[in-house]
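Analysis of the macromolecular model
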Amino acid sequence: MIKVAVVFHSAGGTTRQLATAVAAGAAEVAGVTVIQAEIAGADISAGRFCNSTLLAQLDSADAIVFGSPTYMGSVSAQFKAFADATSERWEQQLWANKIAAGFTIGSNFSGDQLHTLQYLQILANQQGMLWAGLDIPGNHNAAGLNRLGAQCGVIAQSADGLLHETDLLSARYLGQRVAQLSKKFAA
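Everything numeric in this text was worked out from a predicted model, so none of it was measured. (Residues numbered from 1 in each chain as written. Predicted model: local features only at pLDDT ≥ 70, side-chain atom pairs only at ≥ 80, totals over all residues. Heavy atoms only, no water.)

The next subject is the pattern of salt bridges. With the rule as written, the count across this model stands at six salt bridges. One salt bridge connects Glu28 with Arg172, and the closest N-O pair in it is separated by 2.5 Å. One end of the pair, Glu28, is in the loop between helix H1 (14-27) and strand S2 (32-38); the other, Arg172, is in helix H6 (residues 165-186), and 144 residues separate them in sequence. A relative accessible area of 30% places Arg172 in the partly exposed class. For Arg177, the salt bridge goes to Asp135, with nearest N and O atoms at 3.3 Å. Placement of the pair is Arg177 in helix H6 and Asp135 in the loop between strand S7 (130-131) and strand S8 (154-157), with a sequence separation of 42 residues. (Salt bridge = Lys/Arg side-chain N within 4 Å of Asp/Glu carboxyl O. Helix = DSSP H or I, 4+ residues; strand = E, 2+ residues; numbered from the N terminus. Buried < 20%, exposed > 50% of the residue type's maximum accessible area, 1.4 Å probe, protein only.)

Written as structure tokens, this is what we have:
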């Protein structure tokens with residue numbers, strides 16, 4: 001059985017909606033179980049992420065999809081605290097050769113969301129993970145997936161808390177892609 005984990009921070013609920021769509025897409029692939037793990041304020045004490053149970057769940061996964069809202073051009077402080085806490089995994093390369101991917105959302109169309117995806121990709125690369133981007137040219141398939149045209153992951157936009165349906169479908173597709181790649185890699 002392949003395990004795909006979706007770990008994310010959500011402040012207003014839109015990142016959670018994307019995470020749910022990613023998890024649903026991964027769960028559609030036969031032979032895949034999904035772990036959905038939200039980074040919560042209670043996980044952080046004195047600025048440090050301290051949820052060892054969540055980290056252990058991620059250790060057991062075959063793939064990890066990272067998600068964070070874009071704040072001030074990068075990941076949220078809560079996600080950054082989580083990322084910093086993964087340094088022990090980095091030292092031991094516990095996440096090496098896992099499939100990784102990412103998603104983000106911002107309130108502007110060009111609110112530096114690409115930088116957030118690049119941060120997530122660098123985090124995955126430092127961990128020795130294998131990054132899976134989208135294989136859909138922006139808005140070039142019949143369903144209009146990848147509406148905002150990022151190839152390295154899902155970028156969504158919402159100024160009012162309502163998500164565009166194709167952003168949710170793109171997130172679902174990313175979950176399917178990660179699950180399928182994980183199965184291929186495991187074989």
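Moving on from the model shown.
Before going further, it helps to examine the packing of aromatic side chains. Taken as a whole and assessed by the stated rule, the structure comprises five aromatic pairs. On the basis of an interplanar angle of 85° and a centroid distance of 5.4 Å, the ring pair of Phe49 and Phe82 is categorised as edge-to-face. Pair noted here: Phe49 is in strand S4 (residues 48-49) and Phe82 is in helix H3 (residues 77-85), with a separation of 33 residues, a long-range link. Phe82 matches Phe49 in its accessibility class, with the two residues each being buried. Centroid distance Phe66 to Phe79: 6.1 Å. Interplanar angle 85°. Geometry classified as edge-to-face. Separated by 13 residues along the polypeptide, Phe66 in strand S5 (residues 63-69) and Phe79 in helix H3 bring together distant segments of the chain. Summarising the burial analysis for this pair, Phe66 and Phe79 share the class buried. (Phe/Tyr/Trp six-rings, centres within 6.5 Å; stacked < 30°, edge-to-face > 60°.)

By themselves, these are just geometric observations and shouldn't be taken as functional.
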